[in-house]
Amino acid sequence: MELWMTEFQTQNLGLACRIKETLFSGQSDFQEISVVDTVEFGRMLVLDGVFQTSVFDEYIYHEMIAHVPLNVHPRPVNVLVIGGGDGGCVREVVKNPAVQQVDMVEIDGVVVEVSKKYLPEISSAMIDKHPKLNLRIGDGIKHVQETEGQYDVIIVDCSDPIGPGEGLFTAAFYRDVYTALKPDGLFVQQTESPFYHQPLIRKSYQDVNQLFPITRLYLANIPLYPGGLHCFTIGSKKYDPLKTDVTKPSIQSGKYYNPGIQRSCFILPEFIRELLQKD
Ligand code: SPM
């Protein structure tokens, strides 16, 4: 019998994947967690029914959420990652030669353990206990509330704005992120699909724009996520992503990311530009 798993990306649209095997299925204190082996995407992490990351295309999301902001900042020495329990984001962050310490605060320890066991390619920095990585199981919202002027770059690698991810899309959270950054710091957050999450994108862009002198949105093509095009929003106190020197030798290419993409990912289609400009 064929087994399929469908993520309902909206009430009227789903992405269905044929499953070879369910490797893990369980409930943590925060959410329902599964790891399934799929025909098209390989092994995949699913939280509360939402496809989070797959071995097939994870490099796109993780390279883009890590390297774009790290290369906007000229000296990203101290970095905080909120969420990112699968470990893909910190795997990329530790590659940046300027980075000395990455604090990662993930609320769900079960996601970390399950990812280490079933997704070793993604979670390698956590498995290897990379010397730059300081991993804490805890509440990222509380962590930024208690932190002042400490980080060059903060990366919010969160799930959807429901369940444990909900508080990470609020103006109050962005205020605490602002305070936790150094005077020239910047932050990035994944902000979902420009086709199916327009109110969320506009609200988070406006909230960030109220606080940070520079707000920019950039894009990446990610087959696993709704519509295949995904948004990331940057709030920056000093450095403008549109002025990054993409010829500097520290910018290294990945499997998706390269210096040209560092520049071109900020070029937005007209409907997204209009969405961000609306009152
Ligand atoms: N480290 C990878 C975590 C990925 N987090 C972002 C996932 C966004 C998926 N959004 C899908 C929206 C459909 N409801």
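An account of the accompanying structure is given in this report. (Residues numbered from 1 in each chain as written. Predicted model: local features only at pLDDT ≥ 70, side-chain atom pairs only at ≥ 80, totals over all residues. Heavy atoms only, no water.)

## Details of helix 7 (residues 198–211)
For helix 7, with 14 residues, the first-to-last C-alpha span of 20 Å sits near the 20 Å given by 1.5 Å per residue. Where helix 7 is concerned, the buried positions are Leu200, Ile201, Ser204, Tyr205, Asp207 and Val208. Down the axis of helix 7, the sector holding all buried residues measures 165°, keeping them to one side. Projecting away from the buried face of helix 7 at angles above 90 degrees are the exposed residues Pro199 and Gln210. Buried residues in helix 7 make contact with helix 6 (171–180), strand 10 (181–190), strand 11 (214–221), strand 12 (229–236) and helix 9 (270–277). (Helix = DSSP H or I, 4+ residues; strand = E, 2+ residues; numbered from the N terminus. Expected span 1.5 Å × (residues − 1). Buried < 20%, exposed > 50% of the residue type's maximum accessible area, 1.4 Å probe, protein only. Arc of directions from axis to C-beta. Contact = heavy atoms within 4.5 Å.)

## Section: the sheet that holds strand 4 (residues 42–47)
Across the sheet, which stays open at both edges, the five strands sit in the order 1-2-3-4-5 with antiparallel pairing between neighbours. Edge strands, defined here as strands with exactly one partner in the open sheet, are strand 1 (3–10) and strand 5 (50–54). Averaged over all neighbouring strand pairs, the angle between strand axes comes to 45°, with direction disregarded. As paired strands, strand 3 (residues 32–38) and strand 4 are joined by six bridges and run antiparallel to one another. Within strand 4, the residue paired with valine 35 across the bridge is leucine 45. Along the sheet, helix 3 (residues 109–118) makes contact with strand 2 (13–27), strand 3 and strand 4, crossing strand 3 at roughly 20°. (Pairing = 2+ DSSP bridges. Axes fitted to C-alpha atoms, helices over the stretch in contact; angles between N-to-C directions.)

## Some words on the packing of helix 7 against helix 9
Look at helix 7 against helix 9: their axes get within 9 Å of each other, and the N-to-C directions meet at 55°. Taken together, the axes of helix 7 and helix 9 lie oblique to each other. Along this stretch, helix 7 crosses helix 9, giving a crossing that reads as right-handed. Contacts between helix 7 and helix 9 involve Gln198, Ile201, Arg202 and Tyr205 from the first element and Phe271, Leu275 and Leu276 from the second. (Parallel < 35°, antiparallel > 145°, perpendicular 65-115°, else oblique. Left-handed = near helix turned anticlockwise from the far one by under 90°.)

Read these as geometric descriptors, not functional statements.
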